[in-house]
Amino acid sequence: MCRHLAYLGPPVTLHELLHVPEHSLLTQSYAPRRQKHGLVNADGYGVGWYHPGRTRPVRYRRAAQMWADASFAEVAQVVSSACVLAAVRSATPGFPVDESCAQPFTCDDRLFSHNGRIDAFAAVEERLRGLGESGVPDARAPVDSALLFAMAVRLWRRGSPLDGALASVAARAAALAPGRYNLLATDGVRLAATACGDSLYLRCDGESVVIASEPFDDDARWRPVPDGSLVTADARGAVIRPIKEIACPNPLSSAT
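Residues numbered from 1 in each chain as written. Predicted model: local features only at pLDDT ≥ 70, side-chain atom pairs only at ≥ 80, totals over all residues. Heavy atoms only, no water.

Caption draft 1: Quick look at the pairing of strand S7 (residues 179-186). Most of S7 is tucked away: seven of the eight residues are buried. Of the strand pairs in this sheet, strand S6 (residues 110-118) and S7 are connected by eight bridges, and their pairing is antiparallel. Opposite Phe112, over in S7, you have Ala185 as the bridge partner. By the bridge criterion, three bridges tie S7 to strand S8 (residues 191-195) in an arrangement that is antiparallel. The residue bridging Ala185 from the neighbouring strand is Ala192, located in S8. Counted along the chain from S7 to the antiparallel partner S8, the turn is four residues long, and its residue Gly188 has a positive phi close to 100°. (Buried < 20%, exposed > 50% of the residue type's maximum accessible area, 1.4 Å probe, protein only. Helix = DSSP H or I, 4+ residues; strand = E, 2+ residues; numbered from the N terminus. Pairing = 2+ DSSP bridges.)

This is the structure in C-alpha cells:
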C-alpha cells in the first residue's frame, strides 16, 4: 500500500521529479512495479516542498487520484524546490478516503509520510494515542499513520534528531503490533527513512539524494535498503544503519 519518495539536491521542478521519469510517482499511482501490497494507489496523494525564505514547508493534498488532477500537473511545471516529499495512497480497509488522510503530514518545519499499516489497529489504538503529540492537527487524522506521526512529533519536540525519532517510532510501534513501518521525513536540509516491512530504495549521484519506495527510473545507482534499516541523508550523501542500533528503548515513556 502506498508509495512515497523524498528528494534533496539542486532545485528541481515538481513536474520533473514527479511526472517526467518513466516510472514516476505519477505512474506508480496506477502502475507500481514493485508494490507487494495493493495494486494501485488511487486514494489520494500529497506533495510537500520547501520554498526559500520560508521555514515551514508548503503542502498540497487531494483525496482524488494523482493522475486526475490536471491543476496540479500544470502548477508542478513552474514550482521548484531543493527538498520535496511526496506520497500516493492506497487506503487500508476501514480508513476513509479523505484529504486529511493523504500524506505528507506536517508540523513545525517537518514533513512526514508512512508507507505501511498497523495490523490489528483497534487492539493498540488507545495505547498508541497515549504516546503521541495529540495537539497537532495532522495527528488527529482518522488513519493509523497519524498516530505514528504524533509519536514522531513528540520525540522531535523533546529534542530527538530527525532520524533517531523515526527509528524509535518504528521500533516502538513494531513492538506493540505487527505491521509495516516504512517512515519517511525531512526538515528541509536532511532526509530520514526506515525500511521496516516494505520496499525502500536509495539513489545518490553526488549532487542529489532520492529515497523512494521504488525506483522511478532504471538508473544503475539505485540500491535497495535492507529491511530493518534506517537511512539518513544530507548534502554530503547517505548512511544506512540498523534501526535497532539507533532506536532508543522506551523513548516515549513518561520518564523521558
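Now, onward.
Caption draft 2: Looking closely at the layout of surface pockets. The space that makes up the largest pocket amounts to roughly 170 Å³. Taken together, 13 residues line the largest pocket, and the ones lying closest to its centre are Tyr7, Val12, Glu16, Arg203 and Ser208. Those elements giving two or more residues to the lining of the largest pocket turn out to be strand S1 (3-13) and helix H1 (14-18). Here the lining of the largest pocket takes four residues from S1, the largest share from any one element. (1 Å grid on protein atoms, 1.4 Å probe; cavity = no way out; pocket = protein on both sides within 12 Å on 5 of 7 lines; lining within 4 Å. Points joined across faces, edges and corners; volume = space filled by probe spheres on them.)

Caption draft 3: Structural detail: the nonpolar core. With 42 residues, the main nonpolar core has Phe112, Ile118, Leu128, Leu148, Phe149, Trp156 and Tyr181 as its most contacted residues. When residues of this core are traced back to their parent elements, those giving at least two are strand S5 (105-107), S6, helix H4 (121-129), helix H5 (144-157), helix H6 (162-176) and S7. Tallying contributions element by element places H5 first for this core, with ten residues. The residues contacting Ile118, other than those within four sequence positions of it, are Val124, Leu128, Asp144, Leu148, Ala177, Pro178 and Tyr181. The next biggest cluster of nonpolar side chains, apart from the first, holds 24 residues, and it includes Leu14, Leu18, Met66 and Val79. (Core = buried A, V, L, I, M, F, W, Y, C linked by side-chain atoms within 4.5 Å. Contact = heavy atoms within 4.5 Å.)

Caption draft 4: Fine view of the packing of H4 against H5. Running from N to C, H4 and H5 cross one another at 25°; their axes reach a closest spacing of 10 Å. As the angle between them shows, H4 and H5 are arranged roughly parallel. Note that H4 runs across H5; the crossing there is left-handed. Residue-level contacts link Phe121, Glu125, Leu128 and Arg129 of H4 to Asp144, Leu147 and Met151 of H5. Looking at side-chain class alone, the contact of H4 with H5 contains four nonpolar, no polar and three charged residues. (Axes fitted to C-alpha atoms, helices over the stretch in contact; angles between N-to-C directions. Parallel < 35°, antiparallel > 145°, perpendicular 65-115°, else oblique. Left-handed = near helix turned anticlockwise from the far one by under 90°. Nonpolar A, V, L, I, M, F, W, Y, C, P; charged D, E, K, R; others polar.)

Caption draft 5: A look at the sheet that holds strand S13 (residues 237-242). Overall, antiparallel pairing links the six strands, which are arranged S5-S6-S7-S8-S12-S13 in an open sheet. Strand pairing shows two members of the sheet lacking a second neighbour, S5 and S13, which therefore form its edges. Across the sheet, the axes of successive neighbouring strands diverge by a mean angle of 20°, strand direction being ignored. Bridge count for S8 against strand S12 (residues 229-234) is five bridges, and the pairing is antiparallel.

Caption draft 6: Seen up close, the pattern of salt bridges. The full count for this structure, using the stated rule, is 17 salt bridges. When the shortest N-O distance is used, the salt bridge between Arg129 and Glu125 registers 2.7 Å. Placement of both Arg129 and Glu125 in helix H4 is noted, with a separation of four residues, approximately one turn of the helix. On the basis of relative accessible area, Arg129 is assigned to the partly exposed category, the value being 43%. You can call Glu125 partly exposed: its relative accessible area is 25%. Connected via shared salt-bridge partners are Arg3, Arg180, Asp198 and Glu214. (Salt bridge = Lys/Arg side-chain N within 4 Å of Asp/Glu carboxyl O.)

Caption draft 7: Fine view of the packing of H5 against H6. At their nearest, the axes of H5 and H6 sit 9 Å apart, and the two run at 135° to each other. In terms of axis orientation, H5 runs oblique to H6. Note on packing geometry: the crossing formed by H5 with H6 is right-handed. Contacts from Leu148, Met151, Ala152, Leu155 and Trp156 of H5 reach H6 at Leu162, Ala165, Leu166, Ser168, Val169, Arg172 and Ala173. Among the residues forming the contact of H5 with H6, the class breakdown is ten nonpolar, one polar and one charged.

Caption draft 8: Examining H4 more closely. All buried positions along H4 are accounted for by Phe121, Val124 and Leu128. The arc enclosing the buried residues of H4, seen along the axis, measures out at 85°, which places them on a common side. Turned more than 90 degrees off the buried face of H4, the exposed positions are Ala122, Ala123, Glu126 and Arg127. On its buried face, H4 sits against S6, H5 and H6. (Arc of directions from axis to C-beta.)

Shape descriptors only; they carry no functional weight alone.
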